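# A look at the structure
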Number of protein chains: 2
Amino acid sequence: MSRPDFAKCKGLVPCIAQEADTGEVLMLAYMNEEAWEKTLATGEVHYYSRSRNALWRKGGTSGHVQKVKSIRLDCDKDTVLVLVEQLGGAACHTGYKSCFFTEIAPDGDRVCSPLIFDPKEVYK
Amino acid sequence: MSRPDFAKCKGLVPCIAQEADTGEVLMLAYMNEEAWEKTLATGEVHYYSRSRNALWRKGGTSGHVQKVKSIRLDCDKDTVLVLVEQLGGAACHTGYKSCFFTEIAPDGDRVCSPLIFDPKEVYK
């Protein structure tokens, strides 16, 4: 079974989370070796939080866990793609379904992903 | 118009390329400020090659250019998502449609993206 080349990436590989049912790209975060192992062992996506310097079980606070449907590695083994079921319907801490909710356009930014929850109600 | 926070990312932001029509995630590479500007100006995706330390017009050798359909930024402004039309039908230098052609499974890896071209015929 292949695994990311953590040594090449100084211990942290970028991981893209994509909604399995719709194909919407939800977020990008980073995995260290512990996060990778926890993800495989539990079937729930774990990342490494660079701001908190800690293992991060996605949805640990909000309940918006990401259930693993498929894990894929790229040709260089330096990026992970995980297809998920996103519990709660939103991946972004702002309440939008996708962290990529801002579409760039010459005449100004546009919101391109639905607002699912009010962060004030979820993070109390 | 928003732009990535290059300073926060030491000059390089990860960029996910996704096929606009199908939603298939094709690859992840990096953009510096020049690559970002060239992408906006030309409508063709440009990256920064970390191995060659140079601006990289995707498809410059193979002809497999990525035409920009939509550009999105994440909530932290430290990742780019670009929806593209992939000319030639494949993003990966190995000939597979997606760089993420390896699905991880307990009983061994599986190929999960079609082989589109023979690299020996494309890179001569």
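None of the values given here were measured: they were computed from a predicted structure. Every residue gets a number counted from 1 within its own chain, in the order that chain's sequence is written. A letter from A marks each chain and a number from 1 marks each ligand, given out in the order of writing. Given that the model is predicted, a residue must reach a pLDDT of at least 70 before its local features are reported, and side-chain atom pairs must reach 80 or more before they are shown or counted; all residues, however, enter totals for whole chains, interfaces and linings. To get the side-chain values, take all heavy atoms of the structure and skip hydrogens and water.

Glancing now at the interface of chain B and chain A. Interfaces are frequently sized by the accessible area removed from exposure as the parts join. With 35 residues of chain B at the interface, the matching set in chain A holds 35 residues. Sorting the residues of chain B by area buried against chain A places C75, F100 and I104 of chain B first, and these three jointly supply 23% of that buried surface. Each salt bridge in this description consists of a side-chain nitrogen of Lys or Arg and a carboxyl oxygen of Asp or Glu lying within 4 Å of one another. Counting the contacts that link chain B with chain A gives two salt bridges. Identification of polar contacts relies on pairs of N or O atoms within 3.5 Å, with a donor-acceptor requirement for protein atoms, meaning one able to donate a hydrogen and the other able to accept it, and with residues adjacent in sequence counted only if both atoms are side-chain atoms. Scanning the region where chain B abuts chain A turns up 12 residue pairs in polar contact (both at pLDDT 80 or more). Strands are runs of DSSP state E lasting at least two residues, helices are runs of H or I lasting at least four, and both sets are numbered from the N terminus onward. Mapped by element, the contributors of at least two residues to the side of chain B that touches chain A are β1 (13–19), β2 (25–31), β5 (66–73), β6 (80–86) and β7 (102–104) of chain B. A total of four residues in the side of chain B that touches chain A trace back to one element, the largest contributor, which is β5 of chain B. Residues are grouped as follows: Ala, Val, Leu, Ile, Met, Phe, Trp, Tyr, Cys and Pro are nonpolar; Asp, Glu, Lys and Arg are charged; every other residue, Gly included, is polar. In terms of residue class, the side of chain B that touches chain A is made up of 20 nonpolar, eight polar and seven charged. If DSSP finds at least two bridges between two strands, the strands pair. Bridge count between strand β5 (residues 66–73) of chain A and β7 of chain B: three bridges; the pairing is antiparallel. The residue bridging I71 of chain A from the neighbouring strand is I104 of chain B, located in β7 of chain B. In what follows, residue pairs with any heavy atoms lying within 4.5 Å of each other are defined as contacts. Accessible surface is computed with a 1.4 Å probe, and the buried area is the amount of it that two parts give up when combined, taken over both parts together.

A few words now on the sheet that holds strand β8 (residues 110–111) of chain A. Pairing is mixed across the open sheet formed by six strands, whose spatial order is β8(A)-β7(A)-β5(B)-β6(B)-β1(B)-β2(B). Among the strands making up the open sheet, the edge pair consists of β8 of chain A together with β2 of chain B. Bridge count for β1 of chain B against β6 of chain B is five bridges, and the pairing is parallel. If you follow Q18 of chain B over to β6 of chain B, its bridge partner there is L83 of chain B.

For Phe, Tyr and Trp, rings pair up if their centres lie within 6.5 Å, where Trp contributes its six-membered ring, and each pair is then called stacked (planes under 30 degrees apart), edge-to-face (over 60) or tilted (otherwise). In total, this model carries four aromatic pairs over all chains according to the counting rule given. Taking the centre distance of 4.0 Å and the plane angle of 20° together, the rings of Y96 of chain A and F101 of chain A count as stacked. There is no split in this pair, since Y96 of chain A and F101 of chain A are both buried. Geometrically, the ring pair formed by Y47 of chain B and W56 of chain B is tilted, given 5.2 Å between the ring centres and 45° between the ring planes. Here's how the labels work: a residue is buried when its accessible area is under 20% of the maximum for its type, exposed when over 50%, partly exposed in between, all with a 1.4 Å probe on protein chains only.

This part is about the UniProt feature "binding site: Zn(2+)" (unreviewed entry) in chain A. UniProt positions are given in the numbering used here, feature names are shortened, and annotations may be inferred rather than shown by experiment. According to UniProt, the "binding site: Zn(2+)" (unreviewed entry) feature falls on C75, C92 and C99 of chain A. Spanning 25 residues, the named residues are also spread out in space, since their farthest C-alpha pair is 27.9 Å apart. Among the secondary structure elements, C92 of chain A is positioned in the loop between β6 (80–86) and β7 (102–104). Residue classification places C92 of chain A among the buried positions, given a relative accessible area of 1%. With near-sequence residues (within four places) excluded, C92 of chain A lies in contact with K97, S98, C99, F101 and F117 of chain A together with C75 of chain B. Overall, C99 of chain A belongs to the buried group, its relative accessible area being 8%. In contact with C99 of chain A, other than residues within four places in its own chain, are L26, M27 and C92 of chain A together with L73, D74 and C75 of chain B.

Glancing now at the UniProt feature "domain: Phosphoribosyl-AMP cyclohydrolase" (unreviewed entry) in chain A. Feature annotation in UniProt assigns "domain: Phosphoribosyl-AMP cyclohydrolase" (unreviewed entry) to the following positions: residues 27–101 of chain A. Counting secondary structure, residues 27–101 of chain A comes out at 13% helix and 37% strand; the distance between its end C-alpha atoms is 10 Å.

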